[in-house]
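# Descriptive structure summary
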Amino acid sequence: MSIKVWDPFIRLFHWGLATSFLIAWITADEWHTLHHWAGYAAGCLIALRLIWGLVGTHYARFAQFIKGPATTLGYLGDIARGREHRYIGHNPAGAAMIIALLLAMGGCAFTGWLYTTDAFWGSDAVEHIHEFLANGLLALVLLHIGGVLLASLRHHENLIRAMFTGRKRRPMSDDIA
């Protein structure tokens, strides 16, 4: 038995942002127009996600899954000890990753746009910040994928499939809804 967790907007946002990042990464040095449009798409997706994080479905709301530093660090310690709880929505580490990804991608989109303005055209500082954020974003994406794979193995559920179908395994007695 499974339950609906990720609504269609969250799933489209997730894969749309992943696609935007991939396109922007691949086209960074050669296809500037496509690179710019991928950045604009990412910026628009993030703006919509911020709104949906306030008014969207239960598991999409930031208030449902964002935890404080102590809870997040405690959860990371539980992962290291192999005794983390399964969360139906985002776990505290996943929530922290979402915030980091949104900030890095948003910063990357903003600095990319800034670089195209008259005031900052050719600015070495803006270009370096943009590249730093893009490289940091790649590291975050790789950590995110690793975290998804680890959680999938530890909790015996395919989180990648869940991000396509929107469905996850029903909560057990020790899961956190």
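Only a predicted model underlies this, so the values are computations on that prediction, with no experimental measurement involved.

Moving on, we come to the overall build of the chain. When helices and strands are tallied, the chain shows seven helices and two strands. The order of α-helices and β-strands along the chain, N terminus first, is β-α-α-α-α-α-α-α-β. Against the globule reference of 16 Å for 177 residues, the chain gives a C-alpha radius of gyration of 18 Å, in line with a compact fold. Taking the principal axes of its C-alpha atoms as reference, the chain extends roughly 60 × 30 × 25 Å. Expressed as a percentage of contacts within the chain between residues at least 6 apart in sequence, the contacts between residues at least 24 apart total 67%. By element, 71% of the accessible surface of the chain is carried by carbon and sulfur atoms, the whole surface being about 10,400 Å². Seen as two clouds, the 14 positive and the 12 negative side-chain charges of the chain have centres 19 Å apart.

Further remarks concern the environment of Leu-103. Here Leu-103 is to be found in helix H5 (residues 92–115). Assessed through its relative accessible area of 62%, Leu-103 is described here as exposed. As a C-alpha pair, Leu-103 and Leu-137 span 34 residues in sequence and 9.3 Å in three-dimensional space.

Another point: the packing of aromatic side chains. With the rule as written, the count across this model stands at nine aromatic pairs. Ring geometry for Trp-15 versus Phe-164: centroids 4.5 Å apart, planes at 15°, classification stacked. Of this pair, Trp-15 sits in helix H1 (residues 8–27) while Phe-164 sits in helix H7 (residues 159–165), and the two are 149 residues apart along the sequence. Pairing Phe-21 with Trp-25 gives two aromatic rings, centres 5.9 Å apart and planes at 40°, and the pair type is tilted. Pair noted here: Phe-21 and Trp-25 are both in helix H1, with a separation of four residues, about one helical turn. Relative accessible area serves as the criterion here: at 35%, Trp-25 is assigned to the partly exposed category. Each member of the aromatic cluster is reached from another via a ring pair, and the members are Phe-9, Phe-13 and Trp-52.

Counted as a void, the largest pocket has a volume near 1,200 Å³. Along the walls of the largest pocket sit 46 residues, with His-14, Met-97, Leu-101, His-144 and Val-148 positioned nearest its centre. Every element with two or more residues in the lining of the largest pocket is listed here: H1, helix H4 (69–81), H5, helix H6 (124–155) and H7. Of all the elements, H6 adds the most residues to the lining of the largest pocket, at eleven residues. Across the lining of the largest pocket, the residue classes tally to 32 nonpolar, nine polar and five charged. Here the second largest pocket defines a volume of roughly 730 Å³. In terms of lining residues, the second largest pocket is bounded by 28 residues, among which Ala-28, His-35, Gly-112, His-130 and Glu-131 are the most central. Among the secondary structure elements, those contributing two or more residues to the lining of the second largest pocket are H1, helix H2 (32–55), H5 and H6. Its residues assigned to classes, the lining of the second largest pocket comprises 15 nonpolar, ten polar and three charged.

So, how was this worked out
- Residues numbered from 1 in each chain as written.
- Predicted model: local features only at pLDDT ≥ 70, side-chain atom pairs only at ≥ 80, totals over all residues.
- Heavy atoms only, no water.
- Helix = DSSP H or I, 4+ residues; strand = E, 2+ residues; numbered from the N terminus.
- Rg over C-alpha atoms; globule rule 2.2 N^0.38 Å.
- Contact = heavy atoms within 4.5 Å.
- Areas by Shrake-Rupley, 256 points an atom, 1.4 Å probe, with all protein chains shown as cover.
- Lys, Arg positive; Asp, Glu negative; His and termini not counted.
- Charge placed at Lys NZ, Arg CZ, Asp CG, Glu CD.
- Buried < 20%, exposed > 50% of the residue type's maximum accessible area, 1.4 Å probe, protein only.
- Phe/Tyr/Trp six-rings, centres within 6.5 Å; stacked < 30°, edge-to-face > 60°.
- 1 Å grid on protein atoms, 1.4 Å probe; cavity = no way out; pocket = protein on both sides within 12 Å on 5 of 7 lines; lining within 4 Å.
- Points joined across faces, edges and corners; volume = space filled by probe spheres on them.
- Nonpolar A, V, L, I, M, F, W, Y, C, P; charged D, E, K, R; others polar.

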